[in-house]
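For reference, the chains in residue letters:
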Amino acid sequence: MGLGWRGTGGTIQKRTEESWYHLVALLLLCGFWEAHTQTDDGKSVYFWETGPWGRCMGSDCGLGGSQSRAVWCAHVDGWTTLHTNCDQAQRPSNQRNCFRVCDWHKDLYDWKLGAWNECVPVSARTFGAPRQFTCSGGEEGIQTREVGCILKSDGSPAEDAICEYFEPKPRLEQACLIPCPQDCVVSEYSPWTSCSKTCGTGLRNRVRSVLVPPLFGGAACPNLTEFQSCKPGPCTGPEGMYSLRVGPWSPCALPQTRTARQVKRRKGKGQGLRERAGVKDPETRELIQKKRTRNRLNRQESPFWDIQVGYQNREVTCIHRNGSTVGRNMCLTRDLPLTIQSCVLPKDCKLTDWTIWSPCTKTCMNPESPRGNRTRTRQVLQFPVGEGAECPPLEEFESCEPQGESIPPCATYTWRTTEWSDCRVDTLLSQQDRRRSNLTGLCGGGLQTREVYCVQANAELLKYLNDLREKDKASRPVENKLCEGPIPNRSQLCQIPCPIDCEVSPWGAWGPCTFENCDDQAGKKGFKLRKRQITNEPTGGPGNCPHLVEAVPCDEPTCYDWQLISLDPCIPDDGKQCGSGTQIVQVQCVNSNGEKVDRNLCTSNPPPEPVPCEVPCSRDCVLSDWTSWSTCSQTCSSKTIEGKQMRTRSILAYNAGEGGAVCPNSSALQEVRNCNEHPCTVYHWQTGPWGPCTEDPSTSSFNASVGVRPNSDGEVPCSMGMQTRKVICVRVNVGQVPPKKCPDGPRPSTMRPCQLPCKKDCIMTPFSDWATCPITCDAAGIAVKKKQSRKRLIIQMPSNGGQECPEVLEEERDCEVPKICPGFRWKTHKWRKCQLVPWFLRQDTPGAQETCGPGLQTRAVSCRQLDGTQADISECLKFAKAMPAITQRCQLPCQDDCQLTNWSKFSSCTADCVGVRTRKRSLIGRSKKKDKCKNTQMYPLSETQYCPCDKYNAQPVGNWSDCILPEGGRVESILGMKVQGDIKECGQGYRYQAMVCYDQDNRLVETSRCNSHGYIEEACIIPCPSDCKLSEWSNWSRCSKSCGSGVKVRSKWLREKPYNGGRPCPKLDHINQAQVYEVVPCQSDCKQYVWVAEPWSVWKVSNVDLKENCGEGVQTRRVRCMLNTIDGPSEPVEDYLCDPEEMPLGARESRLPCPEDCVLSDWGPWSRCTLPCTRSNYRVRTAYTIRPPSVGRECPDTTEKEPCSLNLNCFNYFYNITDWSTCQLSPNAVCGSGIKTRMLDCVRSDGKSVDIKFCEEMNLEKKWQMNISCVVECPVNCQLSEWSAWSECSQTCGLEGKMWRQRSVVQASQGDGRPCPSQMEQWKPCPVRPCYRWQYSPWSECRVENVVCGHGMRFRNLSCFVSDGDDEGSLVDEELCSSLEVAVDGDKQIRLKESCILPCPGECYLMEWSDWSSCVNICAKEAGVDFASVQVRSRAVLAQEPENLQLCPDQEWESQPCTGGECYEYKWFSSIGPNSSRPLIWCQRSDGLNVTGGCPPMNPPEDNSSCDPPCLMPKSFCSEAGICLCEEGFTEVLSSTGQLDQCAPIPILEIPTAGDKKGDVKTSRAINPTLPTTIQPGRNGRTWYLQPYGPDGKLKMWVYGVAAGAFVLLIFIVSMIYLACKKPKRPQRQRQQNNRLKPLTLAYDGDTDM
C-alpha cells in the first residue's frame, strides 16, 4: 500500500516537473515570439485590417441608419491571426451611423457636374520627360472635372453613396485632343503700288493680308508690308515740304459762361440803361435767346431726353514731310477750316433696375410638356443723346417651371369619338357603282363612320362614356391642333348579318282523307293533307317560312285504315291443283300519317276480303301478275279534269287448243281507274309579316329611357312586348276565303312575345369655347368687323323614340371690335431754332459779329397710338419702327451768304416719257444784288427733268403649277373631323403661272401696274379614275354530275379595264381577260332520273307452231328515261340523263311455253353479294311456278346463281369529300362573312358515284366538317382628307415663291378598292412681289475740309433697292421702302458717317481694314476633329518717306468666330521656270491659293542645282553625289547615254487579306510610300520595298511563311529525285493478271477543271 502510494506520488511529481519544463519552454518561446513581433525599427508586424462597409440598414429613412464592416488582425505577410496580437487601442470601429437612402430621396439629391478642366497632354501626366513627337492633327490629352452629390434645395454637399444608390457616378475624366499649333497664314503680296513721289526718292509698297490667325501657340504673323525705294526722276523745282493738318474734334463740353456774364453785367451797368432801347451786343442777345429757348424746352421736352448743346474744337497745324510740327505761317495761307462747332453733350442711356420676374407662363405641372417663360423688364430713364452709349435690351426672358405647392397638373388633351353610325352597305356600293347605291335589303360587309374631336382630358374624366345619363358631363370640344398622337379611325368596316332565307323541301304526296281532329269526329268534315319540311331554318325562326301544309276537303274521312302488306299465294278451291282460288290479304292498321297502330283502331272498317285468283292448269292460258298502278295523271279532279291511273299484264303462255282456258283479248290485259278524285280546291293558311314590338299592357315593366350598354346586336333589351301578325285562309289561285275552309290544326299563331329595345336619347357635347377673334385693321387704322363661332357635336344619335337632337349645332356672333386698332408710332415735333456756338468762344472767327454759321437744332419725339392718343414711350420702343433723329446740323445764313427759297414742286407733266417737268427757286433779300449769287452755275434757280415714264410690260415666269380643282367652299372644321366620302377629286381645274411686271428700266414693280392679278390661268383636266368593270354574274351551269356530288360554276367577264387609278381588276387569265369564277358543290339525286320499262310485248314466235302457238320467240318493250317525283315517274326526259348501266333490256329472246309445259314467272332481282367480294360467294335470283306442267314434264330450276366478282356484280363503297367551294355570300351581300361548303359523295369501288344510301347502309364514319366560315375582303376605296389651307408663301418676295397644300389618307384602300392617288400635295406660285431692301452705298473718300490731310469724315447713303430675289437689284425711290424697318442685313444700327484719317504727304499710316477672309476650319483631318472656325481681317502699313519708316505704326489684325468653315491642307510645291535652272518653291493651300505659312516645318524640296544637267524629271531629286535619282516608290529609267530619262513607278504585289472581299491579286502603284523625312540623299543602292524587318527590328510574319514554304519545297524536290533514281521492283505477273485494273470511266460533272 505504501509502495503503491509512493509510486503514485512519484509519478505525479514527475509529471509536474514535465509540466514546468513545458511551461518554461512556452514562456521562453512567447518571449522569443514577442521579441520577433517587433521589427527592427520598433514597429509591430501585426496591424488591423478592415473590410468594406456593408449596406446601410435601419427602419427609418435618412440619418438613422447603421452599417457594419469586418475587422481582423493580420500579419505583414498577409495571413490572419488572433485579435490579441494587435494593439486593441488602435482597433478600428466595426459600426457607424449612416444615411439610409429611400426611394423618395431621388427627388432631393442629384449629381452636380463641374465644368471640364483644361486639356492636359497625356505625356505631361506620365513620369519622366515628355517625349518629342511630330504633331499631326493634335496631341492626345485628358481633361478632368469635379463630380459630387448635392442636396438640390440648397446645393449643400452630401455623401456620394446617396446619389450612387439611384445612378452611378458620372465619369471624372475624358479623353480630349490638344490642337497642334496653328501658324499665321498670309496671302500672296499684291502688286507694287506706284511711287509715293513724282520726283526725288520715294517708296513703293506691296501688301498682303492675314488668312488664318496664329492659334494654339503657333508662329506670329510676318510683316504684311514690303517697301522698295523708287526714284521717278530728279525734281526740277523745290518740293512741297509743308501741309496743313486738321486734328480730331475734342469731346463735347458745356461752355463756362456764367462768370463771364456776371463780369459783363458789372462792367456795363452804367451804359446798360442808356443802351437798353438800342441794339444789344451779340452775347447779350444770345443769352436772352438761350433763356427763351430753355423755357420753351422745359415746356415741351420729354423727361426721357436731357439735350444739352455744347461745343467742341480742334487744332489746325502745319507739319513738315518728316512729321515734325512747324509754325502755321509755313503753310500756304488759305481759308482755314472751322475750329469750333456746336455739339450735343453725350449722355449714356440710363435704365431703372430690373422688375421682379413675372409669373411663369406655364401654370401647371407636367415634366413632359415644354417649359414656360418668365420675363422681367426695365424702363428707360434717360435715352442716349449724341455719342452716348446705346440702351441694352429692356426685356429679359428665361425658361421656368412653376414653383410652389398645390400647382394643378397641366391640361392634357385627347381624342374623343362620337358613336359609330349605323353600318351601311350602300356606301361601299356607291364607291363601286353609284347606280347600285339605292338598292334595298343589302347585307354583309359595309362601312360605318364617326366624328373625331379633341377634348381636355381632365382629372374628372367624364363618366359619360360609361353612363350616358350624365349628359352634362360630356367634355367640351377644343381645337384639334391641341391633340397629339394618332387620330382614331373615322371609318371602319362592319358587318350586317345577312338574313338566312327559308328553304323548304318539295311537296309530299297527298295523304288519305282524314278528320281534322281524330279525337273529335263529330263533324263530317274531312281533309286530305300534303306537307313539306323546312330544310334550312331562316333568320327569325320558322315563322318567316311559306306555308308547310296544304289541305283539300274530302268526303268520308277516316282516321285509321287498313294498309295492304302483301298477298299470300293463290290457293285453288276444294284442294285442287289448279283452277279458281283465293289469296289471303295481309294488312296492318295505320293512322292518317301512315304509322302502324293497334289493329283495334281499324275495327270500324271491315278488313279486306280474300282476293279471288286463278291457278292455271297445264293447258290453260297463263297471264302475268298485274303491274303496279301508274302515277295519277292529275293531282286533282274537276268537271273537265279527271285523274286516271293504269296497270297492265301480259300473256306468258297460250292455251292448248280447246282444252284449256282461253287467253283474253288485249283489252282485258289492262285496267284503268280514277284517282285523285278530290276537287282542285286547295286551301292553306297564309301569314303576314310580324308587326312592330309594342308594349304588352299585361306586363308592368316600365320602359324608361336609360343608358345601358347595348348587346352584341346593337340593341338594348329593356322589357318584354308583343308582336302580332295577320293569319288568313287562302284558296290557291283564288284568294282569301273564310277561315273555316282551312283545317284548324296547322293554323299558325297570330301573337308572340318580343323584347322591346330601350329608348336612346340624343347625347351632345357642350358648345366649344368661342373661337378667338382676329383683330385686323385696314389701312386707315380702323378695325375690321369679324365673326366668331362655336359648335357642338352629336355623340349619340337618338333611336327607338328617344329625345331628338336640337337643330342648332353651330352658333355665330359678331366679334367685339376694339375702339382703337393696336399699334404705335413715333410723333415728331417741330425743329427748334438753330443753336450756335457761344459768341465769346467764336468771337475770333470770321463773321462772329453776326449771328450766323453752323449750329445744331433739336426736336421732341413722343409716342402715339394709331389714333393719335398719347402712349407710353416703352410701347413705341417695342412695337414701332426705329426712333427718328432728335438732333440735326443746321446753318444760319450770314450776310455774305447767298440765300434762296426752297425748291417749288415740280410742274405737272403734259405727256409721259416725252415731256419734261421743272421746279424753281429764287434769291431772297440782299442776295438778289450780289454778283456771286447771280452765278446760275453755282446757284441754279431752276431744274428740269424728264417726266417719269410709266411703261410696264408683263411676262410669265416660272413653271406651271399643278392642276388645281376649284374650291368647293368646304373648309374642314377645326373641331370635328368628318369623313368626307365624296370629295371631288377630278374634272376640270386650272393651273397657274406667275406673272411678273417690269418698268421701262427693267425694274420689278407690283403686278397691279400691269393690270394683272399676278397669274395666268389655264384650264386643265384631272382625269377621273375609271374602275375595272365586270359583267353581271352568268347563270349557274348545270351540275357537273347527274349522280352524287359535282360542281356548278358561274363567272363574270371583263367589260372595261381600269385607268387613271381606278379600282384594279382581278388577276387576268391567259387571254388577258379578267374572269371571276364562283364554284360551288352541287348534289344530284341519283334517283332523280329513272328508267321506266313498259310491259313486254306479245311474243313474236320465230318457229311458228300454229297448232301449239309456242316455241322460240322474241319479246320487246319500250324503255324510257323519266323524271322521278315524289308521286313516281312523271315525264320523259333525254336518255343521257339516266345511268346507261342500269338501263333495262328493250328486247329478249326466250321460248314461249307450249301447252302442258311448266310456266315460270320472270326472274326476281339478284340478291346482294356479301362483303368481302370473293368468288366463293354467290348471288342468286329466283322465279316461281305459275302453271305446273302436265305429268311427265318438269319445271326448270327456279333458282339461278353466279359467283360474286369485284367491280362486276360486287362492289365496295366509300365516302369521297369534295373540294371546298369558293366563299359564298348572301345574294344581297357585296363582301364580308360567308361560308365555304363541301359535300360527301358515295363512290363505288369502280369509281362510279352512286346514291349516298349505299354508304349509309355500311355505317361508314363521317369525320369531315362540311361548312367553314370565310371572309370576302371588302373593297374599300382610299379615302382622303380635304386639302389643307394653302401654306404661307415660301418666300416673302421674288420670283421663286411657292405655296403648298397637303392632304392625308383617312382610310387606306382595302381589298380591290380604289388605290390612293400619288399626289398628296399640290403647289402653286405666289404672286410675284418686288423685294425691297435698304442698302448702303460705298463709303466716300475721306473728306477733310479745304486742307490736304488730317482727321476727316467719310459718308455713305442709305438707299432703297428692288430685286427679284436673285439679282443685286436696282435703285428705286425711298418711298417704296417706307414700310420696311430701317435695317441693313438685319443690323438696325444705321451708320452713315464715320471718322477717318487722310494721311499727310510723307506720313506712314495704317491702311483700311481688309475684307474678312473666308471662313477657315481649324481641324485635324487625320483624327476627324474640328476645333473651331475663324475668319480674320488685317491692316497693313503704308509708308511714303524712307526717312519716316521708324515712325510707322504696328500692323493690326483681328479675328472672329464663324460657321461653315472649310478644312484646308497645306503642301510644298516646286517648279523650274523656262529661263532658270533654279527651282521655284512655294506653299499652296488645298483650294489652290498660294500662301505663306501653314506648310509642315520640314526642309522644302532639295535644290536641284548641284546636278549637271539638273534633275528636271518628275519624282527625281539630286543626290549628294551629284546624281539624279528617283524618289521612294519609283525606279530610274536611263537613256542610252546613261542620263536619267524618267522615273517609273514600281509595281507592288499586294497579298489579299481575309477581310478583302475581292480576294484577288492586284498590282498597284507606290505613291510616296515613305515619308519625305526618310529620304537619304546620295544612297548608293535601292532599298527593297518588301522589308523583312518591321519597325521594331523583328522579322515580319511573312518571312517565316516564306521560309516554311521554301523548306517544304526543298523536301518535295529531294523526294522526287529519290523516287526517280530508285531501282524499281520486278512486277509479279500472276498477281497482275488477277488484279487487272478496269478502264477508268470519266464522267463530266460540269466542272471546267476536268
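Placed above this text is the structure.
Overview of the structure. Residue positions within a chain follow its written sequence, with the count starting from 1. Side-chain atom pairs in this predicted model are given and counted only at pLDDT of 80 or more, local residue features only at pLDDT of at least 70, and totals for whole chains, interfaces and linings cover all residues. Side-chain figures throughout are based on the complete set of non-hydrogen atoms in the structure, without hydrogens or water.

Considering the overall build of the protein
This is how it is decided: Numbered from the N terminus, helices here are DSSP runs of H or I no shorter than four residues, and strands are runs of E no shorter than two. Whether a residue is buried, partly exposed or exposed follows from its accessible area with a 1.4 Å probe, protein chains only, as a fraction of its type maximum: under 20%, in between, or over 50%, in that order. Throughout, a contact is declared for two residues whenever any of their heavy atoms are within 4.5 Å. Throughout, the Shrake-Rupley method with a 1.4 Å probe supplies accessible areas, and for residues the shown protein chains are the sole cover considered.
Per the secondary structure count, the protein includes 12 helices and 107 strands. Out of the 1650 residues in the protein, the part that is buried amounts to 31%. Taking the intrachain contacts of the protein between residues at least 6 apart in sequence as the baseline, contacts between residues at least 24 apart amount to 69%. Accessible surface, the protein as shown: approximately 107,000 Å² in total, 52% of it carbon and sulfur.

Examining the nonpolar core
Heads up, the condition is: The nonpolar core is taken to be a set of buried Ala, Val, Leu, Ile, Met, Phe, Trp, Tyr and Cys residues, with the residues joined through side-chain atoms within 4.5 Å.
W305, I307, W826 and I873 are the most contacted members of the largest nonpolar core, which has 18 residues in total. Elements represented by at least two residues in this core include exactly β56 (861-865) and α9 (873-879). The residues contacting W826, other than those within four sequence positions of it, are V861, S862, I873, C876, L877, A880, K881, A882, M883 and P884. In terms of nonpolar packing, the next biggest core, distinct from the first, is built from 16 residues, V996, L1004, Y1332 and C1360 among them.

Regarding a negative patch on the surface
We apply this condition: Patch membership requires more than 30% relative accessible area and the absence of a salt bridge. Residues of like charge join within 9 Å; the nonpolar side chains Val, Leu, Ile, Met, Phe, Trp and Tyr join within 5 Å. The term salt bridge refers to a side-chain nitrogen of Lys or Arg lying within 4 Å of a carboxyl oxygen of Asp or Glu. Residues counted as positive are Lys and Arg, residues counted as negative are Asp and Glu, and His and the chain ends are not counted. Just so you know, the charge point we use is NZ for Lys, CZ for Arg, CG for Asp and CD for Glu.
A cluster of acidic side chains, namely E1296, D1366, D1367 and E1368, defines a negative patch on the protein surface. Note on placement: E1368 falls in the loop between β90 (1358-1363) and β91 (1370-1372).

Brief notes about the state of the cysteines
We count it as follows: Only a pair of cysteine sulfur atoms within 2.5 Å counts as a disulfide in this structure description.
According to the stated counting rule, one finds 54 disulfides in the structure shown. Paired by a disulfide, C73 and C86 hold their sulfur atoms 1.8 Å apart. Of note, the bridge from C73 to C86 carries an S-S torsion of about 80° and is right-handed in sense. Taken as a pair, C73 in strand β3 (residues 71-75) and C86 in the loop between β4 (80-81) and β5 (95-100) lie far apart in primary sequence, 13 residues in all. For the residue pair C73 and C86, the accessibility class agrees, reading buried in each case. Paired by a disulfide, C119 and C176 hold their sulfur atoms 1.8 Å apart. Given an S-S torsion of about 95°, the disulfide between C119 and C176 has right-handed geometry. A residue pair is termed long-range when its members are at least 10 positions apart, and C119 in the loop between β6 (109-113) and β7 (120-121) and C176 in strand β11 (residues 173-179) qualify at 57 residues.

Looking at unusual backbone geometry
Outside of glycine, negative phi angles account for most residues, and trans bonds account for most peptide bonds. Omega for the bond connecting L1171 with P1172 falls within 30 degrees of zero, at -5°, which places this linkage in the cis form. Within the secondary structure, P1172 is located in the loop between β75 (1159-1160) and β76 (1178-1182). Of note, the phi angle at F216 is positive, near 55°, even though the residue is not glycine. By the secondary structure assignment, F216 is in the loop between β14 (210-212) and β15 (225-233).

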